[in-house]
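Listed here are the chains, written in short residue letters.
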Amino acid sequence: YDVVLTIDLAIQYIAENALDAAFVQHNAKGASLVVVDVSSGEILALVNRPTYDPNRPQAFSEGMRRNRAVCDFFEPGSVFKVVTAAAALQENKFQENDRIFCENGTYRVASHLLHDHRPYGWLTFAEVIQNSSNIGVTKVAQKLGLETVYNYAKLFGFGSLTDIQFSGETPGMLKPLHSYSKTSIGAVPIGQEVAVTALQLAGAISVVANGGVYCKPYIIKEITDAHQETIKEYRSQCLRRVISLDTSQRLSKILAGVVDSGTGKLARSELYAFAGKTGTAQKVDLNGGYSHSSFFATFIGFAPVEHPRIAIAVVFDEPHPSYYGGVVAAPVFKAVAEETLKYIEVKEKINNFSTNLAKVDSE
């Protein structure tokens, strides 16, 4: 039998080229990129680096053969703030223009001192997300309660297998509520004390792009026999509503502001309107603390903003010397999104032309 994938060869090519160049440029230990059709959950491209020659798998280490996008889990950092923001809007705890005092960069949560990457005073709720203020998001979470943030994380697909048709998938880590401490309210909402996969991130940002509905990611389209007859067909499964259409539209505008004027400016395009969120997460070191030299750099987003077609998750493991998600991962998102949308537009024009030509011939 033949396995027919959802992968689009052209989009896969675009994604591999963009990730290859950045992987070398930023001296990364590893990287993953996932492109998803937001309305169906079809995976259009999936790339991991480093990679291997499938004709000679024995010549490469297990680390190079590993499907990082589904097997590797990591603390997501600030991209997880999308979950907290969605919960706050959906639960009607905050409006976009509500003002939050960000304590000029230092805020105590129980026994822990929380810091922002730069000191902020008063910010609106939208600006807290767009500038990625840890303190602002923590104050949002304190009003929500950790249980609410946890429940929305589950709804967005974190802590659970996607059941993608790959072996070795990990559910990541979303501990039971009773396992968290007094400082967790300043950690979980900003993407610490939780662990995710690149595939989960792609699925989660697709929720915002898809009007608030979670569609299960899948990569096998059908199985056919030697005569091209379909033996088994796989269909899109949109499993649950996570947030309302109104909340998804409001959050989309906030995430468009991340790209237009916030931490994701290097993802901004002159051709299309993009929305997304940056993330920079310290890696956990062998002693259980946080490393000051090893990071994950991420960017998740969708395009175009008004009528989203694709969602993309970009993850870099230990890039250096640059390690910020907005510097390392955002430009890769931009390159892949621009070229993919151009390709989709051309493909649809060709398909429409062929359909019209067929109509004329039949008449």
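Quick note: structure is the one above.
Cut-off values and rules
Residues numbered from 1 in each chain as written. Predicted model: local features only at pLDDT ≥ 70, side-chain atom pairs only at ≥ 80, totals over all residues. Heavy atoms only, no water. Helix = DSSP H or I, 4+ residues; strand = E, 2+ residues; numbered from the N terminus. Rg over C-alpha atoms; globule rule 2.2 N^0.38 Å. Buried < 20%, exposed > 50% of the residue type's maximum accessible area, 1.4 Å probe, protein only. Areas by Shrake-Rupley, 256 points an atom, 1.4 Å probe, with all protein chains shown as cover. Lys, Arg positive; Asp, Glu negative; His and termini not counted. Charge placed at Lys NZ, Arg CZ, Asp CG, Glu CD. Disulfide = S-S within 2.5 Å. Salt bridge = Lys/Arg side-chain N within 4 Å of Asp/Glu carboxyl O. Polar contact = N/O pair within 3.5 Å; in protein donor to acceptor, adjacent residues only side chain to side chain. Contact = heavy atoms within 4.5 Å. Patch = residues over 30% accessible without salt bridge, like charges linked within 9 Å, V, L, I, M, F, W, Y side chains within 5 Å. Pairing = 2+ DSSP bridges. Axes fitted to C-alpha atoms, helices over the stretch in contact; angles between N-to-C directions.

## Quick word on the overall build of the chain
No. 1: In terms of helices and strands, the chain carries eleven helices and 14 strands.
No. 2: Taking 2.2 N^0.38 as the reference for a compact globule, 363 residues should give roughly 21 Å; the C-alpha atoms of the chain span a radius of gyration of 21 Å, in line with that estimate.
No. 3: Taken over the C-alpha atoms alone, the chain extends approximately 70 × 50 × 40 Å along its principal axes.
No. 4: Taken over 363 residues, the chain has a buried fraction of 55%.
No. 5: Accessible area for the chain stands at about 16600 Å²; split by element, carbon and sulfur atoms hold 51% of it.
No. 6: Measuring between centres, the 34 positive side-chain charges of the chain sit 7 Å from its 37 negative side-chain charges.

## Brief notes about the state of the cysteines
No. 1: All chains considered together, the criterion is met by one disulfide.
No. 2: Paired through a disulfide, Cys 215 and Cys 238 show a sulfur-sulfur distance of 2.0 Å. Disulfide Cys 215-Cys 238: torsion about the S-S bond near 80°, hence right-handed. With Cys 215 in strand E8 (residues 213–215) and Cys 238 in strand E11 (residues 238–241), this pair connects stretches of sequence that are 23 residues apart.
No. 3: Look at Cys 238 and you get partly exposed, because its relative accessible area is 41%.

## Some details on the side chain of Glu 222
No. 1: Examined against the element boundaries, Glu 222 turns out to sit in strand E9 (residues 220–224).
No. 2: An unpaired buried charge is present at Glu 222: no salt bridge exists, and Lys 221, the closest side chain of opposite charge, is 7.2 Å distant.
No. 3: Among the polar contacts listed, one links the side chain of Glu 222 to the side chain of Thr 230, at a separation of 2.9 Å.
No. 4: With near-sequence residues (within four places) excluded, Glu 222 lies in contact with Asp 2, Val 3, Val 4, Thr 230, Lys 232, Glu 233 and Tyr 234.

## Quick notes on a nonpolar patch on the surface
No. 1: Side chains of Leu 266, Tyr 324 and Val 327 sit close together on the surface and give an oily, nonpolar patch of about 270 Å² of accessible area.
No. 2: Locating Tyr 324 in the fold gives a position in the loop between strand E14 (310–317) and helix H10 (325–328).

## Some words on the sheet that holds E9
No. 1: With antiparallel pairing, the three strands of this open sheet are ordered in space as E1-E9-E10. One side of each edge strand has no neighbouring strand; the edge strands of this open sheet are strand E1 (2–5) and strand E10 (230–233). With direction set aside, neighbouring strand axes in the sheet form an average angle of 25°.
No. 2: Alignment of E1 against E9, held across four bridges, turns out to be antiparallel. The residue bridging Leu 5 from the neighbouring strand is Ile 220, located in E9.

## A word on the side chain of Arg 250
No. 1: Mapped onto the elements of the fold, Arg 250 is located in helix H9 (residues 245–261).
No. 2: Residue classification places Arg 250 among the buried positions, given a relative accessible area of 16%.
No. 3: With residues up to four places along the chain from it excluded, the contact list for Arg 250 reads Leu 89, Phe 94, Gln 95 and Glu 96.

So yeah, pure geometry; function would need other evidence.
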